[in-house]
Amino acid sequence: MSQTEQRYTGLVDRYRQYLPVDAHTPAVCLGEGNTPLIRLNNIPAALGLDVEMYVKFEGLNPTGSFKDRGMCMAVTKAVEEGSEAIICASTGNTSASAAAYAARAGIRSFVLIPEGKIAMGKLAQALMHGAVVLQIKGNFDAGMQLVKDVAEHAPVTIVNSINPYRLQGQKTAAFEIIEALGKAPDYHCLPVGNAGNISAHWMGYREWQEQAGNTPVMVGYQAAGSAPFMHGGPVEHPETVATAIRIGNPQSWDKAWVVQKESGGWFDALEDDEILAAQRLLAKHEGVFCEPASATSVAGALRDLKAGKIPAGKSIVCTLTGHGLKDPDIAIEQSKGEDGTKVITVDAELEAVKRALLDNLG
Ligand SMILES: *Cc1c(COP(=O)(O)O)cnc(C)c1O
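A quick note: this is a predicted structure, and the numbers were derived from the prediction, not measured.

Bringing the site of the ligand into the picture now. Around the ligand, the surrounding shell holds 16 residues, and the nearest of these are K67, N93, N194, A195 and T321. Separating a nitrogen atom of the ligand from a side-chain N or O atom of T321 is a distance of 2.7 Å. Starting from 380 Å² of accessible surface for the ligand in isolation, the protein chains cover 97%. Of the pockets mapped on this structure, the ligand occupies the largest cavity. Counting residues per element, the ones that place at least two in the shell around the ligand are helix 9 (196-207) and helix 14 (292-306). Class assignment of the residues belonging to the shell around the ligand gives a composition of six nonpolar, eight polar and two charged.

Before going further, it helps to spend a moment on the packing of aromatic side chains. Summed over all chains, the structure comprises 11 aromatic pairs. With a centroid separation of 4.6 Å and an interplanar angle of 20 degrees, the aromatic rings of F229 and W253 are classed as stacked. With F229 in helix 11 (residues 228-231) and W253 in helix 12 (residues 253-263), this pair connects stretches of sequence that are 24 residues apart.

Moving on, we get to the domain arrangement of the protein. On domain assignment, one finds that the protein holds domain 1 (3-64 + 166-333) and domain 2 (67-162). Each of domain 1 and domain 2 has a C-alpha centre, and these two points are 21 Å apart. Contact residues are listed per partner, giving 48 residues for domain 1 and 37 residues for domain 2. Between domain 1 and domain 2, a total of about 3400 Å² is buried, with carbon and sulfur atoms accounting for 53% of that surface. Applying the counting rule to domain 1 against domain 2 returns four salt bridges. Taking the shortest distance from any N to any O, the salt bridge between E176 and R69 comes out at 2.9 Å. Mapped onto the side of domain 1 that touches domain 2, the elements with two or more residues apiece are helix 1 (11-14), helix 7 (164-170), helix 8 (172-181) and helix 15 (328-334). Counting residues per element, the side of domain 1 that touches domain 2 draws most heavily on helix 7, at four residues. Looking at side-chain class alone, the side of domain 1 that touches domain 2 contains 18 nonpolar, 16 polar and 14 charged residues.

The sheet built from six strands is open, its strands ordered 1-2-10-7-8-9 with mixed pairing. Sheet topology places strand 1 (37-39) and strand 9 (266-270) at the edges, where each strand pairs with a single neighbour. Here the average twist between neighbouring strands, direction ignored, is 25 degrees. As paired strands, strand 7 (residues 187-191) and strand 8 (residues 217-223) are joined by five bridges and run parallel to one another. Looking at strand 8, one finds that L190 is bridged to G220. Strands strand 7, strand 8 and strand 10 (315-320) of the sheet are contacted by helix 9, whose axis makes an angle of about 170 degrees with strand 8. Lying on the sheet, helix 12 is in contact with strand 8 and strand 9; it crosses strand 9 at an angle near 115 degrees.

Before going further, it helps to examine the sheet that holds strand 4 (residues 108-114). Read across the open sheet, the four strands follow the order 5-4-3-6; overall the sheet is parallel. If you trace the sheet from one side to the other, it starts and ends with strand 5 (132-136) and strand 6 (157-158), each paired once. Judged from the two bridges that link them, strand 3 (residues 85-89) and strand 6 form a sheet pairing that is parallel. Residue pairing in the sheet places I87 in a bridge with I158 of strand 6. Helix 6 (residues 140-150) rests against strand 3, strand 4, strand 5 and strand 6 of the sheet, and its axis sits at about 150 degrees to strand 3.

Right, let's get into a nonpolar patch on the surface. Together, I344, V346, V353, L357, L358 and L361 make up a nonpolar patch on the protein surface, roughly 590 Å² of accessible area in all. With respect to the helices and strands, the residue V346 is situated in the loop between helix 15 and helix 16 (350-359). Judged by its relative accessible area of 36%, V346 is partly exposed.

Overall, the coordinates contain one cavity of 30 Å³ or more when judged by the stated rule. The space that makes up the largest cavity amounts to roughly 280 Å³. Lining the largest cavity are 25 residues, with F66, K67, G193, N194 and A244 sitting closest to its centre. Secondary-structure elements contributing two or more residues to the lining of the largest cavity are helix 4 (93-105), helix 7 and helix 9. Per-element accounting of the lining of the largest cavity gives the leading share, three residues, to helix 9.

This part takes up the environment of A331. Here A331 is to be found in helix 15. Taking the relative accessible area as the measure of exposure, A331 reaches 16% and is therefore buried.

Rules behind the numbers
Residues numbered from 1 in each chain as written. Predicted model: local features only at pLDDT ≥ 70, side-chain atom pairs only at ≥ 80, totals over all residues. Heavy atoms only, no water. Near = heavy atom within 4 Å. Polar contact = N/O pair within 3.5 Å; in protein donor to acceptor, adjacent residues only side chain to side chain. Areas by Shrake-Rupley, 256 points an atom, 1.4 Å probe, with all protein chains shown as cover. 1 Å grid on protein atoms, 1.4 Å probe; cavity = no way out; pocket = protein on both sides within 12 Å on 5 of 7 lines; lining within 4 Å. Sits in = over half its atoms within 2 Å of the grid points. Helix = DSSP H or I, 4+ residues; strand = E, 2+ residues; numbered from the N terminus. Nonpolar A, V, L, I, M, F, W, Y, C, P; charged D, E, K, R; others polar. Phe/Tyr/Trp six-rings, centres within 6.5 Å; stacked < 30°, edge-to-face > 60°. Domains from an automatic or database assignment. Contact = heavy atoms within 4.5 Å. Buried area = accessible area lost by both parts, 1.4 Å probe. Salt bridge = Lys/Arg side-chain N within 4 Å of Asp/Glu carboxyl O. Pairing = 2+ DSSP bridges. Axes fitted to C-alpha atoms, helices over the stretch in contact; angles between N-to-C directions. Patch = residues over 30% accessible without salt bridge, like charges linked within 9 Å, V, L, I, M, F, W, Y side chains within 5 Å. Buried < 20%, exposed > 50% of the residue type's maximum accessible area, 1.4 Å probe, protein only. Points joined across faces, edges and corners; volume = space filled by probe spheres on them.

So, in structure tokens, the structure goes:
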């Protein structure tokens, strides 16, 4: 690839000195990172909570999830090392991101996804970007094992978060938060699946601890039906509406426990209905549309604030890992009223439209 094609900046240029790259590394970037840190105004006020609460909206990355930060680095290094194909197991977002960055780099991508358990937007992305999509009759954990096994027999680079460059890229989200706030927040809450992202954030906070002057308490939230960190070991049949974190055997298990201990944080679990309620709350009262798994961080933070487990007067950042458009089925399903859809069908006449407006103003 020519130098001009690769001049477009993203994470690699922005944080070059903190990443394992040199002047000759051919950066494979799509403008990832630099996502907004949005202060929540309406939700804390409505709930009477004294808190400085922000969401880091990672759904605004190029393929709609934080995975792009890690994939930028993983694919950059794979290309630098001469690899011509990448592979991953995925609940959806990793496959979308891998497919896009492979397309950008002009290499092949193979993705293993669990049959029937992937959000529609994510599948559409993987297909459009030209990945070879292998739908397996098993869950993410089975797919992950297959990827590890097959990579020993074929010339492919694994780009799941067990690839150390993934976490290197993802740690930059912590840098951006410190740049935005002038320090680290008191608490940082994330949804936890494989626990790569919480580990990456902690790495970033530790690396910039000196300039920040502090590090946050790290809190990881899981879905109750897929909560190995609460059970103290793998969960054989993980289930949750939040498919991005439907993972029973986290790949960064040890790293995440180190994060918990070093930061003085904790893990907790939320029921699917609490997760979906937080997703609706963010969409309706803040104008921020994230996917269900992402809302787990806000659902957990609000619960722990109300319970006083997170004391009043603190600053909190919640990572919103992916965009709500990823999973239109669940969004529309939730928007149904008692008698089906909430869309009002009217005649194409002024009177009918006017009546509908007046009926719904109050
Ligand atoms: C991948 C993903 C997660 C989980 O991140 P881990 O690093 O596996 O803990 C959470 N939410 C979304 C939307 C994701 O795509």
